[in-house]
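As a plain string of letters, each chain reads:
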Amino acid sequence: MVHAFFNPAQAAAFNALATKRDSTFEVKYFDIHGLAHITRLLLAISGQKFKSTNPADWAAEKPLAPFGHMPLLIETSADGKTTLQIAESDAIERYLARKLGLLGSDAFEEVL
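Residues numbered from 1 in each chain as written. Predicted model: local features only at pLDDT ≥ 70, side-chain atom pairs only at ≥ 80, totals over all residues. Heavy atoms only, no water.

Named according to an unreviewed UniProt entry, the protein is GST N-terminal domain-containing protein originating from Linnemannia gamsii.

(A) Local environment of the packing of helix 2 (residues 37-45) against helix 4 (residues 89-99). It is at 9 Å that the axes of helix 2 and helix 4 come closest, and there the two elements cross at 10°. Taken together, the axes of helix 2 and helix 4 lie roughly parallel to each other. Contacts from Ile38, Thr39, Leu42 and Leu43 in helix 2 reach Ile92, Glu93 and Leu96 in helix 4. The class makeup of the residues in the contact of helix 2 with helix 4 is five nonpolar, one polar and one charged. (Axes fitted to C-alpha atoms, helices over the stretch in contact; angles between N-to-C directions. Helix = DSSP H or I, 4+ residues; strand = E, 2+ residues; numbered from the N terminus. Parallel < 35°, antiparallel > 145°, perpendicular 65-115°, else oblique. Contact = heavy atoms within 4.5 Å. Nonpolar A, V, L, I, M, F, W, Y, C, P; charged D, E, K, R; others polar.)

(B) Focus on unusual backbone geometry. Cis geometry marks the peptide bond from Met70 to Pro71, where omega comes out at 5°. Among the structural elements, Pro71 can be located in the loop between helix 3 (58-61) and strand 3 (72-76). One non-glycine residue, Phe67, lies in the positive phi region at around 60°. Structurally, Phe67 is set in the loop between helix 3 and strand 3. The phi dihedral of Glu88 falls on the positive side, at around 80°, and the residue is not glycine. Along the polypeptide, Glu88 turns up in the loop between strand 4 (82-87) and helix 4.

Below is the structure:
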């Protein structure tokens, strides 16, 4: 069953982006380690270019954030276009671990 929100062209573009390593990242979270700490560590140990930012006015920015949640990962392609925004620390960590080759080579390693 294909969901109404599933777009095959978007899925193909997303998968192509997920294999590229020339992106830069912005991690947006409050001025504490909290839930964005693992995200920052994954980016740092893999040598990715990233910056950490804090919301200037979270009350105003919250309606614009995916699901109204943070942390928020914003990925920008080499040509400067924002290509992806992911909210929620678990989703961000799984995406980055897979993209950066840190997830494991099989299901058993992923569980470990």
